[in-house]
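# Coordinates in review
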Amino acid sequence: MLDVPPLIDRRAFMKLMSAALALSGAACSRKPLEPIVPYARAPEMQHGEAALFFATALTRGGYAHGVLVESHQGRPTKIEGNPFHPASLGSTGPLEQGRVLELWDPDRSRAVLMHETVSSLQTLQAELGARLAVLKKMQGAGLHVLTGAMSSPTFQRQWQGVRAMYPDARLHHYEPVSRDSVHAGAREAFGRALEPIFHFDRARIVVALDADFLGSLPGHVRYARDFASQRRPESVPAARMSRLYAAECMPTITGAAADERRATRAGDIEALARQIESALSFRSRSSDRWIAAAVSDLSVHRGESLVVVGEGQPPAVHAIAHRINQQLGNVGRTVDFIVPPIGDPSDGDSFADLVRAMQAGQIDTLLILDSNPVYDAPIDLGFGAALSRVKLSLHAGLYVDETARAVRWHVPLAHELEQWSDARAFDGTVTIQQPLIAPLYGGHDRHEVLSLLTPGAELRGYSGVRETWQAEFGVDAFESRWQESLRSGVVAGTAAAFESLSSLEARPATRGAVARSPESNELELHFAPDPTVWDGRYANVAWLQELPKPLTQLTWDNAAFMSLRMAQSLKVTNEDVVEIAVGDRTVEAPVWIVPGHADRAVTLHLGGGRRSCGEVGERRGVDAYALRTLAAPCFLSGMRIQSVGKRFPLATVQPHHRMEGREPVRTVSVRELARNPHAAKRDSDARHPSLYPDYQYNGHAWGMSIDLNACIGCGACTIACQAENNIPTVGKEEVRRGREMHWIRVDRYEAGALDAPRTAFQPVPCMQCERAPCEVVCPVEASVHDAEGINVQVYNRCVGTRFCSNNCPYKVRRFNFLSYVRDEPSLNAQRNPEVTVRMRGVMEKCNYCLQRIVRARIASERENRPIQDGEVLTACQAACPTQAIVFGDLNDPKSAVREAKNSPRDYVLLGELNTRPRTSYLAKVTNPHDESTES
């Protein structure tokens, strides 16, 4: 035997391994310098426990969503909803779930730049200080600040300090998806700007006019929970189940949930609203069936009804809705009003005023804070050209984006999970934002950046936020209330008071422009925020780019969405490229036909066509902002469109709409269910005999139930599962090959006519079959059952034959074809250490979040007690806004999952195959209007 010396000695080997571990793990980050407070009083750390939860908030459009962030030894890895926060109630949407990946994004800005050349903050301060000294002598004239919508009390207090030093300085706010029309509509109706707060849990009849309240309005996660609470046959009598009417151009998840939906161009909504108001006021009967049904239900359910209008509609439509709600006695019952929590009401300078001043050369110094107007400002304003006339321009943002490349100075901004601040929710409730980690890439918090304008009076986030709330709490009670606010994620008593009913007398309708006739033949171009990348700010978040859009199932691109009839008139089909022209401006976009889209209209989602945002998001989709104007930010008429004879490939995870002769989603009307509680049952539901003997699960027997009547198809479950289980993204080309890796998909089906379909969603994870077809074909027993009924996948055994996937009738297994995991130290630190990162060549699938079950088992054994019902929440279950997913122990007769499976609506997918899934569904229940039946 040869005596071969080792290639490396043990000491050197340990040094190299330690260095590798440090580079790939927590050594690339550190905890914040200031003290932060965990969500609950953390017990002494036990062996195997490395996670703590911290309460904070994430904002979009200025509105706060309360979250709990899971941190493993100083590394934020997962976001959950905060059950104490009014906008969350413990749930999240997909965008909140994706923000943890945005935190670790290696493409984020890392250095102070001067004309895109690396510089330093000290050099910036020197140049800025000299200019500010001159501006101070001029009372601040020529000093302007532009931000996105801002609800931070500390920022507002800090701005007052800036104004004290520079009285003539001006603050401007700009959001691509703005609430300005909402506030202006209240001003038209009530004489002052107000924010409506809706109570969907009190409404039996809801009429949504171009309002996606389940997917995009501030507070939509809370609204989804409240709306779903009135749709559960087990808890709401059939006669009191709510009914939803929806009129919209582009199908949304709100329209999909509607019992009575109509496809209506956005520009026709005003005429529709006026007809409803007229029919209610004069007790006339409309010849339009949808209007007649809505008016009939609204009239019968006074004080229990609600008319909601989306922010994309002009102020006149909001005013009409307020008058209708006032007339029906809904104000103070199903809708209340508060002072808007966004912006500084004392400062009335508009974004258009800013651009005009820039064009006139009246602006000396401009600070653009966390906004990207070079990309998303209305094209007719010419913001980019006007910016070149500003003497000193400074931008602070997460990325070196389009605006960062157009200014003189750029400063990297800290992520919301890296900074101290505060923010208000849709109802005014304040959350103190605390950092989970020190800035990864040298970012500066928003308060520190604003302090650049006040040399000698610098304010950092931690000290500034404490000063704000010390004045609010009082010196004596400050420390205890501060600690409690950080621990709970809510500052108690800060929700805005509802305005008194006596002061909310709607003004009578005034004469104005006549609404466009619904019969107008003009072509309409409709703009809407993208369901996954919103207005473009999340374009570099790979999870959100690859998340299928709920109604189209597209990933990685946007498109020109239109109805089948319009596509036929243009002689185009899916993936054909068309040219869309407005005036002298044009864009080219691929076509995607959407069942239920309004005729003679095209929808473009915002957020595509990014020119500078990072490796993931650049050059994805079509830039809708190239056609968007100040006067028509949400829809416009007079669009021209024609085919250009080209094709552009799009990636979709579900190219078909129909259920292909089967019935994976079962639907029953509330009246049918009242007549026959078992109306959702089928002959195939009977359990068939098997050649295999039954196994007795004497301990736990885990199972899941998904209520299709509550599921709104938002996709929060998919992203939550991805974050929890270290699931990689694969990219557009791999999606086109059918290789997406999501462990839970949300299928979308349409029934009925293509111009007026009924839409249903169905989340499909691994069914955890007791007679699993995958297990009997695996040659190495990588797919096996454990003693608690979970079909587990043993990665170390798997050799990648894919026999199990071929034999799975549900197609819920994912094969790791390539090395999809992006090997970046920062991204490695984001991953959940409790879940294995899989190598290529193995099969992956849902396992009911086995790591969470194990965590609960360890805790129960340590405390010598059984696992309690509800103690184990799967990632998908925890995120779901409507609580559509229930998980637990089937052997516990009092468990929520056992109760769900005892429902007459319970059924299993493809039950005729006798696979005996542990995951089952509750049939969808609709409540259409029926004039022959009293509501």
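Up top is the structure.
Residues numbered from 1 in each chain as written. Predicted model: local features only at pLDDT ≥ 70, side-chain atom pairs only at ≥ 80, totals over all residues. Heavy atoms only, no water.

Given a rise of 1.5 Å per residue, 14 residues ought to cover 20 Å, and the 20 Å separating the end C-alpha atoms of helix H8 (residues 269–282) matches this to within 8%. When H8 is considered as a whole, its buried residues turn out to be Ile269, Glu270, Ala271, Leu272, Ala273, Ile276, Glu277, Ala279 and Leu280. Buried residues along H8 sit against strand S9 (205–209), strand S10 (243–248), strand S11 (260–263), helix H9 (289–300) and helix H10 (315–327). (Helix = DSSP H or I, 4+ residues; strand = E, 2+ residues; numbered from the N terminus. Expected span 1.5 Å × (residues − 1). Buried < 20%, exposed > 50% of the residue type's maximum accessible area, 1.4 Å probe, protein only. Contact = heavy atoms within 4.5 Å.)

Our focus in this paragraph is the sheet that holds strand S24 (residues 601–605). Where strands meet in a sheet, backbone hydrogen bonds hold them as pairs that are either parallel or antiparallel. Pairing is mixed across the open sheet formed by seven strands, whose spatial order is S25-S19-S24-S21-S23-S22-S26. Each edge of the open sheet carries a strand with a single partner, namely strand S25 (635–637) and strand S26 (640–647). Averaged over all pairs of adjacent strands, the angle between strand axes in this sheet comes to 30 degrees, irrespective of strand direction. The pairing of strand S22 (residues 576–582) with S26 spans five bridges and is classified as antiparallel. Bridge assignment links Asp576 to a residue of S26, and that residue is Arg647. (Pairing = 2+ DSSP bridges. Axes fitted to C-alpha atoms, helices over the stretch in contact; angles between N-to-C directions.)

Scanning all chains against the criterion turns up 61 salt bridges. Between Glu70 and Arg855 there is a salt bridge whose closest N-O contact spans 3.4 Å. Of this pair, Glu70 sits in strand S2 (residues 63–72) while Arg855 sits in helix H25 (residues 850–862); the two residues are 785 residues apart in sequence, bridging distant segments of the chain. With relative accessibility at 2%, the residue Glu70 sits in the buried group. Taking relative accessible area as the criterion, Arg855 reaches 31% and is therefore assigned partly exposed. Arg405 is the salt-bridge partner of Glu116, the closest N and O atoms lying 2.5 Å from each other. Residue Glu116 is found in the loop between strand S4 (113–114) and strand S5 (117–118), and its partner Arg405 is found in the loop between strand S15 (392–397) and strand S16 (409–412); the two are separated by 289 residues along the sequence. Salt bridges sharing common partners tie together Lys78, Glu80, Glu724 and Arg852. (Salt bridge = Lys/Arg side-chain N within 4 Å of Asp/Glu carboxyl O.)

The topology assignment puts Asp226 in helix H6 (residues 220–229). Among the residues examined, Asp226 registers a relative accessible area of 9% and is labelled buried. The residues contacting Asp226, other than those within four sequence positions of it, are Phe200 and Asp201.

We now examine the nonpolar core. Ranked by size, the top nonpolar core spans 158 residues in total, and within it Phe200, Phe213, Leu525, Ile580, Val602, Leu604 and Ile641 carry the most contacts. Dropping the residues within four chain positions of it, Leu525 is found in contact with Ile580, Val582, Val602, Leu604, Leu627, Cys634, Phe635, Leu636 and Met639. (Core = buried A, V, L, I, M, F, W, Y, C linked by side-chain atoms within 4.5 Å.)

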